[in-house]
Amino acid sequence: MSADCIFCKIVNGSIPAKKIYEDEDHIAFNDINPSARVHFLIVPKLHVESLASCEAQHQALLGKMLLLAPKLAKEQGLAGFKTLINTGKDGGQLVFHIHVHVLGGGNVPLKV
Ligand code: AMP
Ligand code: ZN
């Protein structure tokens, strides 16, 4: 948990989000500023800054995070979807708590 992190605050319930899934390791919620008809984020509960901060100890967490994408996309009614992980400021990352964007349902942009 990082005190100033908006996604940690969503994880601990101190700020609200439109949650679509939760288990012991991850949550998923709708993006507040959607770039497609369906646009949600899959977020590990553990505060890890970015993909670039991940190490071997995070392998299972990353695997679980990716495996949730097709499961939740299907639950959201998507036949296909795009996944996106922005990494670092130069990679377009705005929130420094690792997350996967899942986008679908038409007008899916190349970048978010
Ligand atoms: P990124 O550029 O990959 O770091 O994307 C961060 C994403 O988080 C953006 O698409 C934002 O719209 C989204 N976001 C920021 N704050 C919130 C929030 N409170 N609830 C839901 N999504 C958020
Ligand atoms: Zn965090």
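In what follows, the structure referred to is the one given above.
Every residue gets a number counted from 1 within its own chain, in the order that chain's sequence is written. Chain labels run from A onward and ligand labels from 1 onward, assigned in the order the entries are written. The predicted nature of this model means local features are confined to residues of pLDDT at least 70 and side-chain atom pairs, given and counted, to a pLDDT of 80 or more, with totals for whole chains, interfaces and linings taken over all residues. As a rule here, side-chain values come from all non-hydrogen atoms in the structure, and water together with hydrogens is ignored.

1. Regarding the layout of surface pockets
Phase 1 of the analysis: Volume-wise, the largest pocket comes out at about 470 Å³.
Phase 2 of the analysis: By the criteria applied, helices consist of DSSP H or I runs no shorter than four residues and strands consist of E runs no shorter than two, each listed in order from the N terminus. Sorting the residues of the lining of the largest pocket by element identifies α1 (6-11) and β2 (26-30) as the ones contributing at least two each.
Phase 3 of the analysis: Per-element accounting of the lining of the largest pocket gives the leading share, three residues, to α1.
Phase 4 of the analysis: Throughout, the ten residues Ala, Val, Leu, Ile, Met, Phe, Trp, Tyr, Cys and Pro are labelled nonpolar, Asp, Glu, Lys and Arg are labelled charged, and all others, Gly among them, are labelled polar. Of the residues assigned to the lining of the largest pocket, the class counts are 12 nonpolar, eight polar and two charged. Buriedness of a pocket was judged along seven lines, with at least five required to meet protein on both sides within 12 Å; pockets are open sets of points on a 1 Å grid over the protein atoms alone, cavities are sets where a 1.4 Å probe fits but cannot get out, and lining residues have an atom within 4 Å of a point. Grid points are joined across faces, edges and corners, and a volume is the space filled by probe spheres set on the points.

2. Some thoughts on the coordination of the zinc ion (ligand 2)
Phase 1 of the analysis: Counted as coordinating are nitrogen, oxygen and sulfur atoms within 2.8 Å of the metal, or 3.2 Å for Na, K and Ca, while water is not included, which may make sites look incomplete. Around the zinc ion (ligand 2), the protein contributes the donor atoms Cys5 (SG), Cys8 (SG), His47 (ND1) and His97 (ND1), which lie 2.0 to 2.3 Å from the metal centre.
Phase 2 of the analysis: A four-donor site is classed as tetrahedral when every donor-metal-donor angle falls between 85 and 135 degrees; four donors are called square planar, and six octahedral, when trans pairs exceed 155 degrees and all remaining angles lie between 65 and 115, with any other arrangement labelled irregular. If you look at the zinc ion (ligand 2), its four donor atoms make angles of 105 to 116° with each other, and the shape they trace is tetrahedral.

3. A word on the nonpolar core
Phase 1 of the analysis: Throughout, nonpolar core names a set of buried Ala, Val, Leu, Ile, Met, Phe, Trp, Tyr and Cys residues whose side chains join them through atoms within 4.5 Å. Whether a residue is buried, partly exposed or exposed follows from its accessible area with a 1.4 Å probe, protein chains only, as a fraction of its type maximum: under 20%, in between, or over 50%, in that order. Within the largest apolar cluster, 16 residues are counted, with the highest numbers of intra-cluster contacts made by Ala28, Phe40, Ile42, Leu72 and Val102.
Phase 2 of the analysis: Elements that contribute at least two residues to this core include exactly β3 (38-44), α2 (59-75) and β5 (100-104).
Phase 3 of the analysis: Looking at this core, the element that brings in the most residues is α2, giving five residues.
Phase 4 of the analysis: Discounting residues that sit within four places of it in the chain, alanine 28 has contacts with Lys18, Lys19, Ile20, Tyr21, Phe40, Leu41, Ile42 and Leu72. Contact between two residues is taken to exist if any of their heavy atoms lie within 4.5 Å; hydrogens are not considered.

4. Re the site of ligand 1
Phase 1 of the analysis: The cutoff for a nearby residue is simple: one of its non-hydrogen atoms must lie within 4 Å of the molecule or strand. Inspection of the region around ligand 1 gives 16 residues, with Asp31, Gly92, Leu94, His99 and His101 positioned closest.
Phase 2 of the analysis: Between a nitrogen atom of ligand 1 and a main-chain N or O atom of isoleucine 32, the distance comes to 3.1 Å.
Phase 3 of the analysis: Taking leucine 94, its main chain carries an N or O atom lying 2.7 Å from an oxygen atom of ligand 1.
Phase 4 of the analysis: Reported accessibility uses the Shrake-Rupley method at a 1.4 Å probe radius. Residues are deemed covered only where the shown protein chains occlude them. Across the complex, the protein chains shield 88% of the 510 Å² of accessible surface that ligand 1 would expose by itself.
Phase 5 of the analysis: In a pocket analysis with a 2 Å cut-off to the grid points, ligand 1 is assigned to the largest pocket. Whenever a nitrogen or oxygen atom comes within 3.5 Å of another N or O atom, the pair is scored as a polar contact, on the condition that within protein one atom can donate a hydrogen and the other can accept it, and that pairs from neighbouring residues in sequence are kept only if both atoms are in side chains. Assignment to a cavity or pocket requires that more than half of a molecule's atoms be within 2 Å of the site's grid points.

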